[in-house]
Amino acid sequence: MFSKHNFKLYVDSRFLSPYALSAFVTLTEKGVPFEMRTVDLSIQENQSSGYATSSLTCRVPMLVHNGFYLSESSAISEYLEECLPPETYNPVYPRDIQKRATARQIQAWLRSDLEPLRNERPTEAVFLKPAIKPLSRAAQSAANKLFTAVDSLLKDNASHLFDQWCIADTDLALMLNRLVLSGGEVPERLAAYARHQWQRPSVQLWLSQERS
Ligand SMILES: N[C@@H](CCC(=O)N[C@@H](CS)C(=O)NCC(=O)O)C(=O)O
């Protein structure tokens, strides 16, 4: 029988993946029980036959729901929003169609652009220890592009992109925190937004996972 609450989420065993964080936060925000399984990327457990035959991408995160396997973090969030609709469960996307499209736009953009920044401020700098090397010109230019975008998206002193929290807030805060948590120069309004987002209980739950 189809059960709404039979969810399993595969994440990396070091809890460093920003994409696993995003799927984890979505599922946590929905408030449903789920089983979390870890995959050790350092020994390429994601390439092992057990995982690779289920996951289209052989990457984390992967959601399993009643025999259905789904990779790609933003696809996971969208699937969960439809399976566990906002009428009954906490929303993870805005209701308004254009705001929802903007949230998806931000998610897609953060996953496909700003590569120098992602390379020079990897998530180890967010979850383990700050990075100390100064940014290259390319990474600084990516950072400036990020600041311009967030500045235009965020209303004065707002702590969310839209009227209420959505999953794009967590993704955006992660990208900003690559800089904020390494003491980089970030416009204060944007740094305050990223710090506020980091206090969210679902994010704190991810931060509290034991990582090496
Ligand atoms: N676009 C994917 C990216 C997933 C991804 O790159 N996951 C990394 C960890 S951050 C991974 O599994 N890497 C292992 C590999 O590619 O072998 C998503 O949003 O889920």
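Rules and cut-offs
Residues numbered from 1 in each chain as written. Predicted model: local features only at pLDDT ≥ 70, side-chain atom pairs only at ≥ 80, totals over all residues. Heavy atoms only, no water. Helix = DSSP H or I, 4+ residues; strand = E, 2+ residues; numbered from the N terminus. Rg over C-alpha atoms; globule rule 2.2 N^0.38 Å. Buried < 20%, exposed > 50% of the residue type's maximum accessible area, 1.4 Å probe, protein only. Contact = heavy atoms within 4.5 Å. Areas by Shrake-Rupley, 256 points an atom, 1.4 Å probe, with all protein chains shown as cover. Lys, Arg positive; Asp, Glu negative; His and termini not counted. Charge placed at Lys NZ, Arg CZ, Asp CG, Glu CD. Near = heavy atom within 4 Å. Polar contact = N/O pair within 3.5 Å; in protein donor to acceptor, adjacent residues only side chain to side chain. Nonpolar A, V, L, I, M, F, W, Y, C, P; charged D, E, K, R; others polar. Axes fitted to C-alpha atoms, helices over the stretch in contact; angles between N-to-C directions. Parallel < 35°, antiparallel > 145°, perpendicular 65-115°, else oblique. Left-handed = near helix turned anticlockwise from the far one by under 90°. Salt bridge = Lys/Arg side-chain N within 4 Å of Asp/Glu carboxyl O. Pairing = 2+ DSSP bridges.

Caption draft 1: Expanded view of the overall build of the protein. Assigned secondary structure in the protein consists of ten helices and four strands. For the protein, the C-alpha radius of gyration of 17 Å lies close to 17 Å, the compact-globule estimate for 212 residues. Principal-axis analysis of the C-alpha atoms gives the protein an extent of 50 × 40 × 25 Å. Classification of the 212 residues of the protein by burial places 47% in the buried group. Looking at the protein alone, contacts between residues at least 24 apart form 68% of all its contacts between residues at least 6 apart. Per element, the accessible surface of the protein, about 10,800 Å² overall, is 50% carbon and sulfur. Separation between the mean location of the 23 positive side-chain charges and that of the 23 negative ones in the protein comes to 1 Å.

Caption draft 2: The site of the ligand, seen in detail. As a structural note, the neighbourhood of the ligand is formed by Ser 17, Pro 18, Tyr 19, Leu 41, Asn 46, Gln 47, Arg 59, Val 60, Pro 61, Glu 72, Ser 73 and Arg 111. Residue Glu 72 places a side-chain N or O atom 2.7 Å away from a nitrogen atom belonging to the ligand. Classifying every residue of the shell around the ligand gives five nonpolar, four polar and three charged.

Caption draft 3: Spatial organisation of the packing of helix H4 (residues 97-112) against helix H8 (residues 167-180). Running from N to C, H4 and H8 point in directions that differ by 30°, and their axes come no closer than 9 Å. Relative to H8, H4 is oriented roughly parallel. Crossing of H4 against H8: the hand is left-handed. Two secondary-structure elements touch here, H4 through Ala 103, Ile 106, Gln 107, Leu 110 and Arg 111 and H8 through Ile 167, Ala 168, Asp 171, Leu 172 and Met 175. Considering only residue class, the contact of H4 with H8 consists of seven nonpolar, one polar and two charged.

Caption draft 4: A look at the pattern of salt bridges. As enumerated under the stated definition, the model contains ten salt bridges in all. Here Glu 87 ties to Arg 95 by a salt bridge, and the two come within 4.0 Å at their closest N and O atoms.

Caption draft 5: Region of the structure containing helix H3 (residues 73-83). Those residues of H3 that sit buried are Ser 73, Ser 74, Ile 76, Ser 77, Leu 80, Glu 81 and Cys 83. Buried positions along H3 lie against strand S1 (7-12), helix H1 (18-30), strand S3 (62-65), strand S4 (68-71), H4 and H8.

Caption draft 6: Up close: the sheet that holds strand S2 (residues 34-39). Strand order in this open sheet of four strands is S2-S1-S3-S4, and the pairing throughout is mixed. Edge strands, defined here as strands with exactly one partner in the open sheet, are S2 and S4. Averaged over all pairs of adjacent strands, the angle between their axes in this sheet comes to 20°, without regard to strand direction. Here four bridges tie S1 to S3, and the two strands are oriented antiparallel to one another. When the sheet's bridge partners are listed, Leu 9 is paired in S3 with Leu 63. Seen against the sheet, H1 touches S1, S2 and S3 and runs at an angle of roughly 150° to S1. On the sheet, H3 packs against S1, S3 and S4 and is oriented at approximately 135° with respect to S4.

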